[in-house]
Amino acid sequence: KMMFIPIPYLNEVKTPNRNFKDVKTIRLAYCGDYASQVRNIMPLYDAVIESNLNINLTICGNSDLNLLPVNNINIFKRQEYNIVEEIEKNADILIHISNLSGSQIPGKIYQYTGTTKPILFILDGDEKAIREQFEQFNRFYFVRNNSKEVQEMIRKIIFENKQFECISDFSKMQIAKKIIS
């Protein structure tokens, strides 16, 4: 018999949301590798380019793609942890992109559950299994990986402007308790 216990988030990062109605630009962050055979970042990239919203996306990670920075998209190779922490801290919305196939979950999503920021969860691969695993937390904005739906969901996140709580199920203490039991 096999059992799965997720990785815990390192620290809780509680930051008050900026009121999206009062800010000039909404900051989005995708931090993680995005090799084209593993993750499809293009719908997110296209959604931001095509959007008429005042949004700025920072992409940080290694890839075989040669994405070009544009007015509202900054692109960096993989950075040191402290730089990634700063990018994520300054973001208004954190973005997770699922793998193209299967139901393996990139570990970044567990780190994001330790924040109070909205999380845009872009689904690919075994969407049903992935969604079922995370839907119970009522914490994520799920969207299929196509530019129009991504754009609509970003608009919804901005409109709702919700503040979230960290998911304690993924805290170090809770994960340690599960391992011990």
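Here goes a summary of the coordinates provided. (Residues numbered from 1 in each chain as written. Predicted model: local features only at pLDDT ≥ 70, side-chain atom pairs only at ≥ 80, totals over all residues. Heavy atoms only, no water.)

Notes on the state of the cysteines
Move 1: Applying the stated criterion across every chain yields a total of 0 disulfides.
Move 2: A disulfide-free cysteine, cysteine 31 has its sulfur positioned 4.7 Å from the sulfur of cysteine 60, the nearest such atom.
Move 3: Judged by its relative accessible area of 3%, cysteine 31 is buried. (Disulfide = S-S within 2.5 Å. Buried < 20%, exposed > 50% of the residue type's maximum accessible area, 1.4 Å probe, protein only.)

Some words on the packing of helix H1 (residues 42–50) against helix H5 (residues 147–160)
If you want to describe how two helices pack, look at the angle between their axes and the distance between the axes.
Move 1: Relative to each other, H1 and H5 sit at 60 degrees, their axes nearing to 8 Å. Here H1 is positioned oblique relative to H5, judged by the angle of their axes. The handedness of the crossing between H1 and H5 comes out as right-handed. On the side of H1, the interface is formed by Pro43, Leu44, Asp46, Ala47 and Glu50, while H5 contributes Ser147, Lys148, Val150 and Gln151.
Move 2: A breakdown of the residues in the contact of H1 with H5 according to their chemical character gives 4 nonpolar, 2 polar and 3 charged. (Axes fitted to C-alpha atoms, helices over the stretch in contact; angles between N-to-C directions. Helix = DSSP H or I, 4+ residues; strand = E, 2+ residues; numbered from the N terminus. Parallel < 35°, antiparallel > 145°, perpendicular 65-115°, else oblique. Left-handed = near helix turned anticlockwise from the far one by under 90°. Contact = heavy atoms within 4.5 Å. Nonpolar A, V, L, I, M, F, W, Y, C, P; charged D, E, K, R; others polar.)

A closer look at the sheet that holds strand E5 (residues 119–123)
Move 1: Reading across from one edge, E3-E2-E1-E4-E5-E6 is the order of the 6 strands in this open sheet, with parallel pairing throughout. Two strands lie at the open edges of the sheet, namely strand E3 (73–76) and strand E6 (140–144), each paired on one side alone. Put simply, the sheet's adjacent strands are angled 20 degrees from each other on average, direction ignored.
Move 2: The pairing of E5 with E6 spans 5 bridges and is classified as parallel. What sits directly across from isoleucine 119, in E6, is phenylalanine 140. (Pairing = 2+ DSSP bridges.)

Purely spatial values, then, with no claim about function.
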